[in-house]
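Architecture at a glance
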Amino acid sequence: MIVLVINAGSSSLKYQLLDTTTKKVYAKGNCERIGIDGSFIGHEENDGSKQKLEVALPDHKTAIKHVFDILAEAGFDTDKIEGIGHRVVQGGWYFPESKVVTDETLGWVREVAPLAPLHNYAEADVIEICREMFPSIGNVIVADTSFHYNMPEKAWRYALPRDVVDKLHIRKYGAHGTSHRYIWKTTSEFLNGDVHKLVSCHLGSGASLSAIEDGHDMDTTMGLTPLDGLIMGTRCGTIDPATVCYLQRVGGYSVDEVDTMMNKQSGLLAVSGVSSDSRDIEAGAHNGDANCQMALDMFYYRTSQLIAEMAQSMHGFDTMVFTAGIGENSAEMRLGVAKELEWLGVKIDEKANEVRSDEPRVISTDDSKVKVLVVPTNEELMIALDVEALLG
Ligand code: ADP
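Summary of the structure given here. All residue numbers refer to position in the chain's written sequence, counted from 1. This being a predicted model, a pLDDT of at least 70 is required before a residue's local features are given, and a value of 80 or more before pairs of side-chain atoms are given or counted; all residues contribute to the totals for chains, interfaces and linings. The basis for every side-chain value is the complete set of non-hydrogen atoms in the structure, without hydrogens or water.

**A short note on helix α3 (residues 117-133)**
Residues spaced three or four apart along an α-helix point in a common direction, a consequence of the helix completing one turn every 3.6 residues. Keep this limit in mind: Under the scheme used here, helices are H or I runs from DSSP no shorter than 4 residues and strands are E runs no shorter than 2 residues, and both carry numbers assigned from the N terminus. What a helix is expected to span follows from its residue count: subtract one and scale by 1.5 Å. Per-residue accessibility, obtained with a 1.4 Å probe over protein chains only, is compared with the maximum for each type, and a residue is labelled buried under 20%, exposed over 50%, and partly exposed between these values. Residue contacts are defined here by distance: any two heavy atoms, one from each residue, within 4.5 Å place the two residues in contact.
In a regular helix each residue adds 1.5 Å, so 17 residues correspond to 24 Å; α3 covers 24 Å between its end C-alpha atoms and thus fits that length. Looking only at α3, the buried set comprises Asn120, Ala122, Glu123, Ala124, Val126, Ile127, Ile129 and Cys130. Buried positions along α3 lie against β1 (2-8), β2 (13-19), α1 (60-73), β6 (83-88), α2 (103-111) and β8 (138-143).

In structure tokens:
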């Protein structure tokens, strides 16, 4: 099935056109700065050719129109697109699994939008535009929270007053669910089913862990929002929640300032004082920058601590997978995290860890108690497979 996958943000729109049978990606790209001066589309085809088109993108509708035009100009028969898969950041309590777009399901995306206002409203608008522009193509909603929805109540419930959490729908929703689901599927295929308790480590600029037992999510590190859990590129991860009150009451920061501080000015960027990008931080640490070294030390410490927490939620783990930008590319950071877990029997084969590849691979030694792998994630393929399952 030929599927177009769309990942819309408030000022961006990523797209990928792919075939679910051959898994071939025909083209992909990103419309950036939608509604802002200097908008452009970065477009890439499967022969590696790339182009940057500087076009006015006053709104998402114009961006989608351009995407279809670019695909047509590149020789793709857009009439062959059989389904559109939409990544939705927050599915709330309505999407324990992916769903076909109808008036009702689209309404749900908007109803839960206060939980993720920067994303859900734009995503709902884009879904509506696609329905209007291409009425013969089916649309599917794939929420990033779905995979986590059925975790045990003791894992998702917050110990706040029941009337408050009920009224405001406060609970652990998690994120990166599509990636964690893909990691389970790919790892169990790669290991011929010999995996039961897996800790999936999605370490990118946003980062989260998922405890997966026989395909079911048992716990995850992100919470009501993607701010919780690990130290990330610019997000602080878990801190004492009273810090939020203290920053406002004593520090004099407004709600929005605290929100921006914790989401955009914290994490690896804040500790290193250099960059949110792990490559710059590794380089800084090699050059003797103590703050960069501290950023790495804190990342290894917190990530390994939370991996142990995820393992505890399953009373053990037999497999651990690294994925996403850092997890797939940084041998140094994989080793740093894994070394902290040696006491649990995690042993990395340092040569295997250095191998670069786009394929799933084992990087632990034969006598490691826990099998450690690197598995490149592919959220777009997972979304497209859901589209095929629901519309094919
Ligand atoms: P996201 O999808 O959350 O934006 P990614 O999964 O693409 O993030 O991860 C991006 C991060 O991965 C970068 O900020 C960087 O810290 C890290 N990284 C490390 N090595 C590489 C590499 N060789 N290529 C890309 N990203 C890398």
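Having seen the structure, we can now continue with the description.
**Quick word on the site of the ligand**
Inclusion rule: We call a residue near a molecule or strand as soon as one heavy atom of that residue lies within 4 Å of the molecule or strand. As used in this structure description, the phrase polar contact means that two N or O atoms lie within 3.5 Å; if the pair is within protein, one of them must be able to donate a hydrogen and the other to accept it, and residues adjacent in sequence are counted only when both atoms belong to side chains. Areas reported as accessible are Shrake-Rupley estimates using a 1.4 Å probe. Residue values count occlusion only from the protein chains shown. Each residue gets one label: Ala, Val, Leu, Ile, Met, Phe, Trp, Tyr, Cys and Pro are nonpolar, Asp, Glu, Lys and Arg are charged, and the others, such as Gly, are polar.
Every residue lining the ligand is accounted for by Gly204, Ser205, Gly206, Asp277, Ser278, Arg279, Ala324, Gly325, Ile326 and Asn329. A distance of 2.8 Å separates an oxygen atom of the ligand from a polar side-chain atom of serine 205. Note that an oxygen atom of the ligand is positioned 3.4 Å from one of the backbone N or O atoms of isoleucine 326. Relative to its unbound accessible area of 580 Å², the ligand is 62% covered by the protein chains. If you list the elements that add at least two residues to the shell around the ligand, you get α10 (278-286) and α12 (324-329). If you tally residues by element for the shell around the ligand, the top one is α12, at four residues. The residue makeup of the shell around the ligand, split by class, is two nonpolar, six polar and two charged.

**Details of unusual backbone geometry**
In this structure, asparagine 192 is a non-glycine residue whose phi angle is positive, near 50 degrees. Assessed through its relative accessible area of 74%, asparagine 192 is described here as exposed. The backbone of histidine 315 sits at a positive phi, close to 55 degrees, despite the residue not being glycine. Among the secondary structure elements, histidine 315 is positioned in the loop between α11 (290-313) and β12 (319-323).

**Some details on the nonpolar core**
In plain terms, the rule: What is meant by a nonpolar core is a set of buried Ala, Val, Leu, Ile, Met, Phe, Trp, Tyr and Cys residues, joined one to another through side-chain atoms within 4.5 Å.
Core analysis: the biggest nonpolar cluster contains 39 residues, and Leu203, Ile307, Phe317 and Met320 have the highest contact counts within it. Of all elements in the fold, only β9 (197-203), β10 (207-213), α10, α11, β12, α13 (331-340) and β14 (371-374) reach the threshold of two or more residues within this core. Element by element, the count of residues in this core is highest for α11, at nine residues. Counting 28 residues, the second largest nonpolar core, distinct from the first, contains Ile41, Ile81, Ile129 and Phe134.

**Brief notes about the packing of helix α7 (residues 242-249) against helix α8 (residues 255-264)**
Geometry of a packed helix pair, given as the angle between the helix axes and the separation of the axes. What counts, and what does not: Here an axis means a line fitted to C-alpha atoms, over the contact stretch when the element is a helix, while the angle between two N-to-C directions is reported on a 0 to 180 degree scale. An angle below 35 degrees is read as roughly parallel, one above 145 as roughly antiparallel, one from 65 to 115 as roughly perpendicular, and any other as oblique. Left-handed describes a crossing in which the near helix is turned anticlockwise from the far one by less than a right angle; the clockwise case is right-handed.
Between α7 and α8, whose axes approach to 10 Å, the crossing angle comes to 130 degrees. Taken together, the axes of α7 and α8 are oblique relative to one another. The handedness of the crossing between α7 and α8 comes out as right-handed. Every residue of α8 that contacts α7 at Val244, Leu247 and Gln248 is listed here: Val255, Val258, Met261 and Met262. In terms of residue class, the contact of α7 with α8 is made up of six nonpolar, one polar and no charged.

**Here's the deal with the layout of surface pockets**
Here is the rule we go by: Here a cavity denotes grid points, spaced 1 Å and computed from the protein atoms alone, that fit a 1.4 Å probe unable to get out, and a pocket denotes an open set having protein on both sides within 12 Å along at least 5 of 7 lines; residues with an atom within 4 Å of a point are the lining. Grid points are joined across faces, edges and corners, and a volume is the space filled by probe spheres set on the points.
Its volume calculated, the second largest pocket comes out at about 930 Å³. Along its surface, the second largest pocket is lined by 29 residues, and Thr225, Leu227, Asp228, Pro241 and Val244 are the ones closest to its centre. Going through the elements one at a time, α7, α8 and α11 are the ones with two or more residues in the lining of the second largest pocket. Ranked by residues supplied to the lining of the second largest pocket, first place goes to α8 with six residues. Of the residues belonging to the lining of the second largest pocket, the class tally is 14 nonpolar, nine polar and six charged.

**Quick word on the sheet that holds strand β5 (residues 50-53)**
For clarity, the threshold we go by: Strand pairing is defined by DSSP finding a minimum of two bridges between the two strands.
Strand order in this open sheet of eight strands is β5-β4-β3-β2-β1-β6-β8-β7, and the pairing throughout is mixed. Unpaired on one side and paired on the other, β5 and β7 (99-100) mark the two borders of the sheet. Both β1 and β2 contribute to a ladder of seven bridges, which runs antiparallel. The residue of β2 that forms the bridge with valine 3 is leucine 18.

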